[in-house]
Amino acid sequence: MRIDILTLFPELVEGALTAGLLGKAIEKGILDVGVTNIRDFAHDRHRTVDDEPYGGGAGMVMQCAPIYEAVESLRGRNSLERVILLSPRGRRLDQPMVRALAGRPDMVLLCARYEGVDERVSSDLVTDEISIGDYVLSGGELPALVVVEAVSRMLPGVIGDWESVETDSFFSGMLGPPQYTRPPVFRGMEVPAVLREGNHAAIARWRRKEALRVTRARRPDLLVNMTEEDKKLLAELALEARTPERENEP
Ligand code: SAM
């Protein structure tokens, strides 16, 4: 997969592309990420890429020409079928969107700064707008890296053990179950016995039930399209909630 990131701060993006699993994916050639400095397409010797907004008001707006030319410079390396603007006005990123993007051969991620881009960029050049949440950052670089990292996890060969992706929050439409590692007892807190007993069917059932428990408590909106087994586990959870353990009884 090829991803091109257009930015005024290449150094902000480049560092993140060398670390961890993302760095390895790029090293292995599973993912090819190009970083283009929009300022290289400025038209004056001051390398200006922004101007005052028509109609007045605070802040500056990124001009059309450098952005159009930066995108057009990618022809031959990128199909330009998806030019995605990172924007708080965009559709909120979620795991189904990440999976859909991971199925594409390439995409362009456009990072804005200042008050954003001239509206003609978003209405004509841009095919999609993606937001990473209902808050405002100073630039699209961190949101673009969020997209790159989330998409890279879906590419075959990036995560060694695919099972760990399948148990991630949101992969199966709900939050992930709790995880434990050694030691078995830490400051009096014990790892649940079922996880240490090696019964794989029992472990899978326990994980599904705990995933349902945490999802029901924190994100009940995700509990849709439940299987018959899920419904059974939810009924068990409801029963447990009605009959709390009486620890001090003889
Ligand atoms: N005036 C813009 C608005 O109210 O929508 C905000 C501009 S913001 C200061 C500068 C740039 O940061 C945005 O154009 C966008 O590229 C990026 N950005 C900020 N918050 C974002 C978010 N939640 N998701 C994606 N991109 C974001």
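Along each chain, numbering runs from 1 in the same order as the chain's sequence is written. Where local features are concerned, this predicted model is filtered to residues with pLDDT of at least 70; where side-chain atom pairs are given and counted, the filter is 80 or more; whole-chain, interface and lining totals use all residues. Only heavy atoms go into the side-chain values, all of them from the structure, while hydrogens and water stay out.

Caption draft 1: Summary view of the overall build of the protein. By definition, any uninterrupted DSSP run of H or I lasting at least four residues is a helix, any uninterrupted run of E lasting at least two residues is a strand, and each is numbered from the N terminus. Secondary structure summary: the protein contains 9 helices and 9 strands in total. Dimensions of the protein along its principal axes, counting C-alpha atoms only, are 85 × 45 × 40 Å. Working rule for contacts: check all heavy atoms of both residues, and any pair within 4.5 Å makes them a contact. Considering only contacts in the protein between residues 6 or more positions apart, those separated by 24 or more positions represent 72%. Of the roughly 15,000 Å² of accessible surface on the protein, a fraction of 51% belongs to carbon and sulfur atoms. Each charge class in the protein was averaged separately, 32 positive and 40 negative side chains, and the resulting centres sit 6 Å apart. The accessible surface values rely on the Shrake-Rupley method and a 1.4 Å probe; as for residues, cover is taken only from the protein chains in view. His is not counted, nor are the chain ends, whereas Lys and Arg count as positive and Asp and Glu as negative. A charge is said to be at NZ when it belongs to Lys, at CZ for Arg, at CG for Asp and at CD for Glu.

Caption draft 2: Examining the environment of His-200 more closely. Its location among the elements puts His-200 in helix H8 (residues 200-218). Considered as a pair, His-200 and Arg-213 are 13 residues apart in the sequence and their alpha carbons are 20 Å apart.

Caption draft 3: The packing of aromatic side chains, seen in detail. Only rings of Phe, Tyr and Trp enter the pairing, Trp through its six-membered ring, and a pair is recorded when the two centres are within 6.5 Å. The plane angle decides the type: under 30 degrees is stacked, over 60 is edge-to-face, the rest tilted. Under the definition given, this model contains 1 aromatic pair. Both rings, one in Trp-162 and one in Phe-171, keep their centres 5.8 Å apart while their planes meet at 85 degrees; by these two values the pair is edge-to-face. The partly exposed category is assigned to Trp-162, whose relative accessible area is 34%. Here the basic side chain of Arg-99 rests over the ring of Phe-171, its NZ or CZ set 4.2 Å away from the ring centre. Partly exposed describes any residue whose relative accessible area lies between the buried limit of under 20% and the exposed limit of over 50%, with all areas from a 1.4 Å probe on protein chains only and scaled to the type maximum. Think of it as a cone above the ring: NZ of Lys or CZ of Arg counts as a charge over the ring if it is within 6 Å of the ring centre and within 35 degrees of the ring normal.

Caption draft 4: A look at the site of the ligand. Taken together, 19 residues surround the ligand, and among them Leu-86, Ile-132, Gly-133, Tyr-135 and Leu-137 come closest. Polar contacts, as used here, are pairs of N or O atoms within 3.5 Å; protein pairs need one atom able to donate a hydrogen and one able to accept it. Residues neighboring in sequence count only if both atoms are side-chain atoms. One of the backbone nitrogen or oxygen atoms of Gly-133 is found 3.0 Å away from a nitrogen atom of the ligand. Backbone polar atom of Gly-139 to an oxygen atom of the ligand: 3.4 Å apart, as the coordinates give it. If the ligand stood free it would expose 580 Å²; the protein chains cover 83% of that surface. Nearness is defined per residue: one heavy atom within 4 Å of the molecule or strand is enough.

Caption draft 5: A look at the domain arrangement of the protein. For each domain, the first and last residues come from an automatic or database assignment. Splitting the protein by domain gives domain 1 (2-152) and domain 2 (185-247). Centre-to-centre separation of domain 1 and domain 2, based on C-alpha positions: 41 Å.

Caption draft 6: Structural context of H8. Helix length check: H8 (19 residues) gives 27 Å between terminal C-alpha atoms against 27 Å at 1.5 Å per residue, within 8%. Considered for burial, the residues of H8 that qualify are Ile-203, Trp-206, Lys-209, Glu-210, Ala-211, Leu-212, Val-214 and Thr-215. Put simply, Asn-199 is the residue that caps the front of H8, since its side-chain oxygen is 3.2 Å from the backbone nitrogen of Ala-201. Each residue after the first adds 1.5 Å to the expected span of a helix.

Caption draft 7: Main features of the side chain of Asn-78. The topology assignment puts Asn-78 in the loop between helix H3 (64-72) and strand S5 (83-92). Judged by relative accessible area, which is 5%, Asn-78 ranks as buried. A polar side-chain atom of Asn-78 sits 3.0 Å from the main-chain amide nitrogen of Leu-80. Once residues within four sequence positions are removed from consideration, Asn-78 is found in contact with Arg-2, Asp-4, Asp-106, Met-107 and Val-108.

Caption draft 8: Layout of the sheet that holds strand S6 (residues 106-110). A pair of strands is treated as paired once DSSP finds two or more bridges between them. In spatial order, the strands read S2-S1-S6-S5-S7; together these 5 strands make up an open sheet with parallel pairing. Strands with a single pairing partner mark the edges of an open sheet, and in this sheet they are strand S2 (32-37) and strand S7 (128-131). Across the sheet, the mean angle separating the axes of adjacent strands is 35 degrees when strand polarity is ignored. Note on definitions: angles span 0 to 180 degrees between N-to-C directions of axes, and those axes are lines fitted to C-alpha atoms, for helices only across the stretch in contact.

Caption draft 9: Geometry of the packing of helix H4 (residues 95-102) against helix H6 (residues 141-152). Here H4 crosses H6 at 75 degrees, and the two axes come no closer than 9 Å. For the element pair H4 / H6, the angle class is roughly perpendicular. Every residue of H6 that contacts H4 at Val-98, Leu-101 and Ala-102 is listed here: Val-147, Ala-150 and Val-151. Residues are grouped as follows: Ala, Val, Leu, Ile, Met, Phe, Trp, Tyr, Cys and Pro are nonpolar; Asp, Glu, Lys and Arg are charged; all remaining types, including Gly, are polar. Split into classes, the residues belonging to the contact of H4 with H6 amount to 6 nonpolar, no polar and no charged. For classification purposes, an angle smaller than 35 degrees is called roughly parallel, one larger than 145 roughly antiparallel, one from 65 to 115 roughly perpendicular, and anything else oblique.

Caption draft 10: Just the state of the cysteines, in detail. Cysteine sulfurs are considered disulfide-paired once they come within 2.5 Å of each other. Taken as a whole and judged by the stated rule, the model has 0 disulfides. For the unlinked cysteine Cys-64, the closest cysteine sulfur is that of Cys-111, found at 17 Å.

Caption draft 11: Structural detail: a nonpolar patch on the surface. A contiguous nonpolar surface patch, about 450 Å² in accessible area, is contributed by Phe-9, Leu-12, Tyr-135, Leu-137 and Leu-142. Relative to the helices and strands, Leu-137 resides in the loop between S7 and H6. For patch building, the residue pool is restricted to those with more than 30% relative accessible area and no salt bridge; the joining distance is 9 Å between like charges and 5 Å between nonpolar side chains (Val, Leu, Ile, Met, Phe, Trp, Tyr). By definition, a salt bridge exists where a carboxyl oxygen of Asp or Glu is found within 4 Å of a side-chain nitrogen of Lys or Arg.

Caption draft 12: Fine view of the nonpolar core. Think of a nonpolar core as a cluster: buried Ala, Val, Leu, Ile, Met, Phe, Trp, Tyr and Cys residues, connected wherever their side-chain atoms sit within 4.5 Å. Ile-5, Leu-31, Leu-109 and Val-148 are the most contacted members of the largest nonpolar core, which has 32 residues in total. Residue assignment for this core shows that the elements contributing at least two residues are strand S1 (2-7), helix H2 (20-27), S5, H4, S6 and H6. Broken down by element, this core gets its largest block of residues, 6 residues, from H6. If near-sequence neighbours (up to four positions away) are discounted, Leu-31 is found in contact with Met-1, Ile-3, Leu-22, Ala-25, Ile-26, Val-148, Ser-152 and Leu-155. Within the second largest apolar cluster, 23 residues are counted, among which are Ile-67, Leu-74, Val-83 and Leu-85.

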